[in-house]
Amino acid sequence: MECSTGKAVTYLDNNATTLMPPQVVKRMVEWTNKGNPSADYKSAKDCRKLMENFRAAISSKCGLNNQYHIIFTSCASESNNMFLRSVIEAHRMNSKFTPHIIISSIEHKSLLNCAVQLAKRGYTELSLIRPDRFGFIHAEDVKNSIRPNTILISIMQANNETGAINDISAIAKIAKGKKIIFHTDCVQSFSKFLLNPTQLGIDAFSISFHKMHGPAGVGAVIISNKIMKLHHLEAEICGTQNEGMRGGTENIPGLAAAFEGFLLSAENRPEKNSKMLLLKQHIMQGLSKYIECKTYREYLSSPPTNNTIIVFLSTCEKKYLPGTLLLSVVNNKIDVCNGKIKNALEQCGVIVSIGSACNTANSKASHVISEMQVSDRIKKGTLRISLGDYTDVCDADTFVKEFIYVLKNLNYTD
Ligand code: PLP
């Protein structure tokens, strides 16, 4: 791998995964000022054709076989909210008993908070499935939580903080066996592995196009026709657009850019994933030349040491997203502060994320890391490195160099 010219700022946070390349920006501009797609003039018809083509592309890449509705939304947060609310609302309209839903405790807050709100209002009973200490949700735990009144299970395909990929096919199978609706938030995984919902037995899924080189503010919820009909699902935002399932004049510039980004993201996907995985490995190996590194599993089974070590909470195994690396700087003698590391890295032009703040004021701790029940030591040193399609070996080398420099400068290493 060759290092290209240095960049002013190296983004290894969400910016790395949500980059909008020039051709996508160009497409967005081209489709600005085309008018209202519901109108009757030529450019409005072009807009309708654009949406039709976009739906056809998603449909063909995901093998939807005309069996799913593609409802464009303003973001995946809306998709998650909309699906949950419409299922619960339809149930309230058509049944007498209080339903029960199952989600994981590490879902994105858009889904988690929505489910908690619905439960607080008394519209549903709620079970939250906790992850194991490595961040995975187990199908068996989901199965054991099913009640006679369970109507919906929603478990994310891959977690945004750990990159842990759940076996949603096994969970979907359990749901199907009990005639329970199965929804998955696949915002993180969809850009890496286009899912085929018919093969996996998925009734509905949420996606966001800013994870696929598109703009923020364009998402979709894709729902099986059978589920829509059987459960009498209705719009949460009423109007005539999206076949009456989600009102609002469509965001044509956003959709045009999302379409372009979607096609671009899907191009040579396996090669891009392999490159990302190699870069993740390159970073892990690079760090291990300077500091002792352990996987979290190794860390848990080895005796404590007084040296600073780096613990990898996500690994290069297939069960993690190729571009996500959650690590923690741990020292048994000193209090490591991930916020200080993040700020010092920013001073060096390297941007990373922290999942959980080092001062462990509970309100600041990431719910995902907290739910994994890691120790305070691990929590306080946690940093998330995100690699995107345009991350290169120069970015990886810059990170390793500056990270080691920062740890020394903060007296976290000798
Ligand atoms: N779900 C997951 C797993 C995410 O990572 C995100 C955002 O990154 C969302 C949902 C929300 O997506 P949006 O920003 O489009 O609302």
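Chemist: Looking at this structure, how should I read the pairing of strand E3 (residues 100–104)?
Modeler: Two faces make up the sheet, and in a regular strand the side chains alternate between them. Within E3, five of the five residues are buried, which leaves the element mostly enclosed by the surrounding structure. Alternating residues of E3 divide into His100, Ile102 and Ser104 and Ile101 and Ile103, and every residue in both groups is buried. Here E3 runs beside strand E4 (residues 125–129); their pairing, made up of five bridges, is parallel. Across the sheet, the residue bridging to isoleucine 101 is leucine 126, located in E4. Remark: the E3/helix H5 (residues 109–120)/E4 crossover connection has right-handed handedness. The pairing of E3 with strand E5 (residues 150–154) spans four bridges and is classified as parallel. If you follow isoleucine 103 over to E5, its bridge partner there is serine 154.

Chemist: Honestly, the packing of helix H13 (residues 338–347) against helix H16 (residues 393–409) in this entry has me stumped. Any pointers?
Modeler: The axes of two packed helices give the description: the angle between them and the distance between them. Interaxial distance between H13 and H16 falls to 10 Å at its minimum, and their mutual angle equals 125°. By the criterion of interaxial angle, the relationship of H13 to H16 is oblique. Classified by chirality, the crossing of H16 by H13 is right-handed. Of the residues in H16, those touching H13 at Ile341, Ala344 and Leu345 are Phe399, Glu402, Phe403, Val406 and Leu407. Residues of the contact of H13 with H16, tallied by class, amount to seven nonpolar, no polar and one charged.

Chemist: Can you help me understand the nonpolar core in this one?
Modeler: Inside soluble globular proteins, nonpolar side chains tend to come together where they are buried. Ranked by internal contacts, the top residues of the largest apolar core, which has 61 residues, are Ile58, Ile153 and Phe209. If one sorts the elements of this core by residue count, helix H3 (residues 42–62) sits on top with seven residues. Non-local contacts of isoleucine 58, meaning those with residues more than four positions away in its chain, are made with Leu64, Ile70, Phe72, Phe209, Ile222 and Phe262.

Chemist: Before we go on, may I ask you to explain the site of the ligand in this structure?
Modeler: Lining the immediate surroundings of the ligand are Cys75, Ala76, Ser77, His108, Met156, Asn160, Asp185, Val187, Gln188, Ser208, His210 and Lys211. With respect to the ligand, the side chain of serine 77 contributes an N or O atom lying 2.6 Å from an oxygen atom. For the ligand, an oxygen atom lies 2.6 Å from a polar atom in the side chain of serine 208. Within the complex, 87% of the 390 Å² of free accessible area of the ligand lies under protein. Partitioning the shell around the ligand into residue classes produces four nonpolar, six polar and two charged.

Chemist: How should the packing of aromatic side chains be read in this particular structure?
Modeler: The description of an aromatic ring pair rests on the distance of the ring centres and on the angle between the ring planes. The full count for this structure, using the stated rule, is 11 aromatic pairs. Ring geometry for phenylalanine 54 and phenylalanine 262: centres 6.0 Å apart, planes at 55°, overall tilted. Of the two residues, phenylalanine 54 sits in helix H3 while phenylalanine 262 sits in helix H10 (residues 252–266), which places them 208 residues apart along the sequence. Residue class for phenylalanine 54 comes out buried when judged on its relative accessible area of 1%. Aromatic side chains phenylalanine 209 and phenylalanine 262 sit 6.4 Å apart centroid to centroid with 85° between the ring planes, which places their arrangement in the edge-to-face category. Within this pair, whereas phenylalanine 209 is found in the loop between strand E7 (204–208) and strand E8 (219–224), its partner phenylalanine 262 is found in helix H10, the two being separated by 53 residues in sequence. Judged on exposure class, the residue phenylalanine 209 and its partner phenylalanine 262 are both buried. Put simply, the rings of Phe54, Phe72, Phe190, Phe205, Phe209, Phe259 and Phe262 touch in pairs and so form one group of aromatic residues. The side chain of lysine 34 reaches across the aromatic face of tryptophan 31, ending 5.4 Å from its centre. Against the face of tyrosine 123 rests arginine 92, its NZ or CZ located 3.7 Å from the ring centre.

Chemist: Just checking my understanding: could you explain the sheet that holds E7 for this structure?
Modeler: In a beta sheet, neighbouring strands pair by backbone hydrogen bonds and run either parallel or antiparallel. The strand order across the open sheet built from seven strands is E2-E8-E7-E6-E5-E3-E4, with neighbouring strands paired in mixed fashion. Of all strands in the sheet, those with a lone pairing partner are strand E2 (68–73) and E4, marking the two edges. Ignoring strand direction, the axes of neighbouring strands in this sheet form an average angle of 20°. With three bridges joining them, E5 and strand E6 (residues 181–185) adopt parallel strand pairing. Note on E6: the bridge partner recorded for isoleucine 153 is phenylalanine 182. Lying over the sheet, H3 contacts E2 and E8, oriented at roughly 125° with respect to E2. The sheet contacts of H5 involve E3, E4, E5 and E6, and relative to E3 the element is tilted by about 155°.

Parameters at a glance
- Residues numbered from 1 in each chain as written.
- Predicted model: local features only at pLDDT ≥ 70, side-chain atom pairs only at ≥ 80, totals over all residues.
- Heavy atoms only, no water.
- Buried < 20%, exposed > 50% of the residue type's maximum accessible area, 1.4 Å probe, protein only.
- Helix = DSSP H or I, 4+ residues; strand = E, 2+ residues; numbered from the N terminus.
- Pairing = 2+ DSSP bridges.
- Right-handed = clockwise from strand over helix to strand, strands pointing away.
- Axes fitted to C-alpha atoms, helices over the stretch in contact; angles between N-to-C directions.
- Parallel < 35°, antiparallel > 145°, perpendicular 65-115°, else oblique.
- Left-handed = near helix turned anticlockwise from the far one by under 90°.
- Contact = heavy atoms within 4.5 Å.
- Nonpolar A, V, L, I, M, F, W, Y, C, P; charged D, E, K, R; others polar.
- Core = buried A, V, L, I, M, F, W, Y, C linked by side-chain atoms within 4.5 Å.
- Near = heavy atom within 4 Å.
- Polar contact = N/O pair within 3.5 Å; in protein donor to acceptor, adjacent residues only side chain to side chain.
- Areas by Shrake-Rupley, 256 points an atom, 1.4 Å probe, with all protein chains shown as cover.
- Phe/Tyr/Trp six-rings, centres within 6.5 Å; stacked < 30°, edge-to-face > 60°.
- Lys NZ or Arg CZ within 6 Å of the ring centre and 35° of its normal.

Take it as geometry only, folks, not as evidence of what the structure does.
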